[in-house]
Amino acid sequence: MIVNVIIFKDDATGGPNQMALILAAVFAGVVGVFKLKTPYKNIEKGIANSINMAMTSCLILLIIGSLIGVWILSGIVPTLIYYGFKIISPGLFLPVACISCGIVSLATGSSWTTTGTIGIALIAIGRTYGIPEGMVAGAIISGAYFGDKMSPLSDTTNLAPAMAGTDLFTHIRHMVYTSGPAFLLAVIGFFILGNFYGAGTMNLEKINEVSTLITQNFNISGYLMIVPFAVLLMVAKKVPAIPALIMGTLLGVVFALIFQQELLKSMIGTLSVQGIYQQVIDVLVNGVKIKTGSVPIDKLFSRGGMSSMLSTIWLILCAMVFGGALEATGMLQRMAQSILSLVRGTGSLIGATLASCIFTNATASDQYVAIVVPGRMFKKAYEDYGLHPKNLSRAVEDAGTVTSVLIPWNSGGAYNSGVLGVATLTYLPFCFFNLLSPLVSAFLGSMNLTIERINEDKTSKEEKLVTA
């Protein structure tokens, strides 16, 4: 995969990495059967179980593809972009984008919903402002993953303490010590970057031109904001992601019929039930294809549809085949145990946990596996060292949840790259929160800061080693 990224660059996820993952899975299977004596049926079952774990993510991807298309057709995305130009100052765009995504993700508990809804509008605004798309995507992802990580509604935030053996709110409070500084540093970083893209460097004429073209081609209305707010409210009220996104898609269709009749007429000619039905289905499947005569507008709004997500789903499935083969043959667990054998104290134990989560994200290609496997494996070690389980739950979140988006073949990286239209390696250097979170956690662990024990009077394994 490294060779593919070097040779094919941004096109590596369009097929080359998928083939690399399949070939790696075949190699792991051969080693498993002939060297490790793992029954082939067990490997096949492990791969099937691994793919099954990704099915919800794949369904969400398909729905998000349709949602993006129909939200453009209905004028929701153009309205978000139009008002974004009016409200957000160019110089403050990056920190505001980061904080806004953090608030939305905190309220909904879903980083994927955040990047797949307001994220696509922010990307469009940033591109028009002339800000490098990697920076904009980094700001969006940093905020989205901070909110997801700190939200009691998040699935990963609930999964981590369950694996470690602590309760949800104890886990969240303990993450403040690592996530708080990491997010603050990220916002400061985006504020500094934003100063290089202030009003003086912006092409205001281009921005005004885009705003004018939006109003000429779409019926812009504040009422269209009802749909995204409804989706965010449903997710905040713990409506499962798939029903909430389907409802958001259906509402988008209804609002398109109400507010964008002129646009529909320009696309299909004479309005008829059959013509409207064919156009809506085509948008849901293949996305919007607008021809206004303006290259920026056509490029901005010709996207979406289920078909646009097929390459990403292909990558996720191949990654889960590889991860399933590694786990079924015991290779994943064996490599993690090798890391555990190097542990000699609290700092190195936390460092080993962080490293294992990142390693699992890169091999098993799924953030849930990167939480569950290290969480199960290190639980006994934390007990032996007399450490409170919230230290373990924090560590697996600091590295397991936030680094998945940094790996192109991981489900998190593939999803966000597909939705935002920015290659993973392009936005990676600017995902300040995601990069800083494990570093802050490792620093606090090495300095023995904010590390709490089960019983301060109990002699821990570390103290016994020192005594010996």
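This write-up is about the structure you can find in this document. Being a predicted model, the structure only gives us computed values, none of them experimental. (Residues numbered from 1 in each chain as written. Predicted model: local features only at pLDDT ≥ 70, side-chain atom pairs only at ≥ 80, totals over all residues. Heavy atoms only, no water.)

Below, the discussion takes up the overall build of the protein. Within the protein, the regular secondary structure consists of 25 helices and zero strands. The globule rule puts the C-alpha radius of gyration for 468 residues at 23 Å, and the 23 Å found for the protein is close to it. In terms of overall dimensions, the protein has a C-alpha envelope of 85 × 50 × 45 Å along the principal axes. Counting all 468 residues of the protein, 56% fall into the buried class. Within the protein, counting contacts between residues at least 6 apart in sequence, those at least 24 apart form 79% of the total. Put simply, the protein shows about 19500 Å² of open surface, and 66% of that area lies on carbon and sulfur atoms. A distance of 5 Å separates the average location of the 28 positive side-chain charges in the protein from that of its 23 negative side-chain charges. (Helix = DSSP H or I, 4+ residues; strand = E, 2+ residues; numbered from the N terminus. Rg over C-alpha atoms; globule rule 2.2 N^0.38 Å. Buried < 20%, exposed > 50% of the residue type's maximum accessible area, 1.4 Å probe, protein only. Contact = heavy atoms within 4.5 Å. Areas by Shrake-Rupley, 256 points an atom, 1.4 Å probe, with all protein chains shown as cover. Lys, Arg positive; Asp, Glu negative; His and termini not counted. Charge placed at Lys NZ, Arg CZ, Asp CG, Glu CD.)

Moving on: unusual backbone geometry. At Lys-37, a residue that is not glycine, the phi angle is positive and equals roughly 60°. Position of Lys-37 among the secondary structure elements: in the loop between α2 (16-34) and α3 (40-73). The exposure class assigned to Lys-37 is exposed, which follows from its relative accessible area of 63%. One non-glycine residue with positive phi stands out, namely Asn-448, at about 60°. Along the chain, the position of Asn-448 falls in the loop between α24 (432-446) and α25 (461-467). The partly exposed category is assigned to Asn-448, whose relative accessible area is 45%.

Counting through the fold element by element, Val-254 comes out in helix α13 (residues 241-259). With a relative accessible area of 41%, Val-254 lands in the partly exposed category. Expressed as a C-alpha distance, the spacing of Val-254 and Leu-428, which sit 174 residues apart in the sequence, is 37 Å.

Let us now look at the side chain of Thr-178. Along the polypeptide, Thr-178 turns up in helix α10 (residues 168-195). Accessibility expressed as a relative area gives 0% for Thr-178, which makes it buried. In contact with Thr-178, not counting residues within four places along its chain, are Lys-149, Arg-394, Asp-398, Val-440, Ser-441 and Leu-444.

Within helix α22 (residues 411-420), nine of the ten residues are buried, which leaves the element mostly enclosed by the surrounding structure. Inspection of α22 places Ser-411, Gly-412, Gly-413, Ala-414, Tyr-415, Asn-416, Ser-417, Val-419 and Leu-420 among the buried residues, and these make up the whole buried set. Near the N-terminus of α22, the side chain that reaches the backbone nitrogen of Gly-412, with its oxygen 2.9 Å away, is that of Asn-410. Immediately beyond the C-terminal end of α22, within one or two residues, lies Gly-421, with a positive phi of roughly 70°. (Polar contact = N/O pair within 3.5 Å; in protein donor to acceptor, adjacent residues only side chain to side chain.)

This brings us to the state of the cysteines. Where two cysteines share a covalent bond between their sulfur atoms, that bond is called a disulfide. Throughout the structure, instances matching the rule amount to zero disulfides. Unpaired in this structure, Cys-58 has its nearest cysteine sulfur neighbour in Cys-318, at a distance of 11 Å. Cys-58 sits in the buried class, given a relative accessible area of 6%. (Disulfide = S-S within 2.5 Å.)

The quantities given are spatial measurements derived from coordinates; they are silent on function.
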